[in-house]
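Architecture at a glance
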Amino acid sequence: QVQLVESGGGLVQAGGSLRLSCAASGRTFSTYLMGWFRQAPGKEREFVAAITRSGGTTYYVNSVKGRFTISRDNAKNTVFLQMNSLKPEDTALYYCAASDRLGINVELKGDYNYWGQGTQVTVSS
């Protein structure tokens, strides 16, 4: 089992940057595929980015490609989401998620079995 704690959210102007962090408990962090999801008010929780266990492969939703970068440091049990060129439509509660399952669809929230509490990102225009 793993516990996830996000940090790094805040209020930023459009065009600005934020770096989200997700710290995981336990000593088996490297066995989890990690993902970031977000949920805006009145909308479904949506996939943002994911990274494989080794960090060798990353996945992004089209709307953030070229602006967001997911990375992980397995020695520090942490996954990051660097967000640049932020837009008002990026405003949401951002969640970190972990999956210890094999062969998942990284975009499906149901394929992740551990979630953090979320960190709020607000982008003003």
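Rules and cut-offs
- Residues numbered from 1 in each chain as written.
- Predicted model: local features only at pLDDT ≥ 70, side-chain atom pairs only at ≥ 80, totals over all residues.
- Heavy atoms only, no water.
- Helix = DSSP H or I, 4+ residues; strand = E, 2+ residues; numbered from the N terminus.
- Buried < 20%, exposed > 50% of the residue type's maximum accessible area, 1.4 Å probe, protein only.
- Salt bridge = Lys/Arg side-chain N within 4 Å of Asp/Glu carboxyl O.
- Pairing = 2+ DSSP bridges.
- Phe/Tyr/Trp six-rings, centres within 6.5 Å; stacked < 30°, edge-to-face > 60°.
- Lys NZ or Arg CZ within 6 Å of the ring centre and 35° of its normal.

1. What to know about unusual backbone geometry
Positive phi is not limited to glycine here, since Asn-77 has a value of about 50°. Relative to the helices and strands, Asn-77 resides in the loop between β7 (68-73) and β8 (78-83). For Ser-85, which is not a glycine, the phi torsion comes out positive at approximately 50°. Here Ser-85 shows up in the loop between β8 and β9 (92-99).

2. Description of the environment of Phe-37
Residue position: Phe-37 is located in strand β4 (residues 33-39). You can call Phe-37 buried: its relative accessible area is 0%. Distance from Phe-37 to Val-61, taken between C-alpha atoms, is 9.9 Å for residues 24 residues apart in sequence.

3. What about the pattern of salt bridges?
Counted by the stated rule, this structure contains four salt bridges. The partner of Glu-46 in a salt bridge is Arg-38, and the shortest N-O contact between them spans 2.6 Å. Relative accessible area serves as the criterion here: at 35%, Glu-46 is assigned to the partly exposed category. For Arg-38, a relative accessible area of 5% corresponds to the buried category. A salt bridge links Glu-44 to Lys-109; its shortest N-O distance comes to 3.9 Å.

4. Here's the deal with the pairing of β4
The element β4 is largely enclosed, with a buried count of six among its seven residues. Judged from the five bridges that link them, β4 and strand β5 (residues 46-51) form a sheet pairing that is antiparallel. Note that in β5 the partner of Met-34 across the bridge is Ile-51. In sequence, β4 turns back onto β5 through a hairpin of six residues, with Gly-42 there showing a positive phi of about 75°.

5. Some words on the packing of aromatic side chains
Using the criterion set out here, one finds six aromatic pairs in the structure. Taking 6.4 Å as the distance between ring centres and 80° as the angle between the ring planes, the aromatic pair formed by Tyr-95 and Trp-115 counts as edge-to-face. Taken together, the positions of Tyr-95 in strand β9 and Trp-115 in strand β10 (residues 114-115) put the pair 20 residues apart, joining distant regions of the chain. The rings of Phe-37, Phe-47, Tyr-95, Tyr-112 and Trp-115 are connected pair by pair, giving a single aromatic cluster. A cation over an aromatic ring shows up here: Arg-19 above the ring of Phe-80, its NZ or CZ 3.9 Å from the ring centre. The ring centre of Trp-115 lies 4.9 Å from the NZ or CZ of Arg-45, which sits over that ring.

Interpretation in functional terms is not warranted from these geometric data alone.
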